[in-house]
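If you want the building blocks of each chain, they are given just below.
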Amino acid sequence: MSKGYWIARVDVRDADGYPEYVETAKPAFERFGANFLARGGKTNAIEGTGRARNVIIEFPSFQHAVDCYNSPEYQEAVKIRQKVADGEIVIVEGI
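Report follows, based on the coordinates. (Residues numbered from 1 in each chain as written. Predicted model: local features only at pLDDT ≥ 70, side-chain atom pairs only at ≥ 80, totals over all residues. Heavy atoms only, no water.)

Note: strand β1 (residues 4–12) against strand β3 (residues 53–59), seven bridges, orientation antiparallel. Along β3, the bridge assignment pairs R9 with N54. Pairing of strand β2 (residues 35–39) with β3, which is carried by four bridges, proceeds in the antiparallel orientation. When the bridges of β3 are listed, R39 appears paired with V55. (Pairing = 2+ DSSP bridges. Helix = DSSP H or I, 4+ residues; strand = E, 2+ residues; numbered from the N terminus.)

Right, here's the structure in full:
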């Protein structure tokens, strides 16, 4: 079974509000076996428009990645994230 990955690109608008998103999302990440491979840190936007924060999260499977995003726990976190940050998330199947 191939692993699944979230690739998230984020610009935080409200740094004081962002930790609430992180705490609210934590139970979903724990439930679905999330492993953070990259979280913030140095970036270099070589092509296209970059974002300030880039995150790569590995899941045991593509389905785990999808289920985590769609879980009630994570959907509560989405409401908070969308108030304090702009960005996008794609889910990718590993090889």
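Here the narrative resumes.
Moving on, we get to the packing of aromatic side chains. On inspection of all chains with the given rule, the structure shows nine aromatic pairs. An angle of 75° between the planes, with centres 5.5 Å apart, marks the rings of W6 and F29 as edge-to-face. Here the residue W6 occupies a position in strand β1, and F29 occupies one in helix α1 (residues 18–31), the gap between them amounting to 23 residues. Across the pair, F29 and W6 agree in class, each one buried. Here F29 and Y74 contribute two aromatic rings whose centre-to-centre distance is 5.7 Å and whose plane-to-plane angle is 45°, an arrangement assigned as tilted. Residue F29 is located in helix α1, and its partner Y74 is located in helix α3 (residues 72–84); the two are separated by 45 residues in the primary sequence. For F29, a relative accessible area of 10% puts it in the buried group. (Phe/Tyr/Trp six-rings, centres within 6.5 Å; stacked < 30°, edge-to-face > 60°. Buried < 20%, exposed > 50% of the residue type's maximum accessible area, 1.4 Å probe, protein only.)

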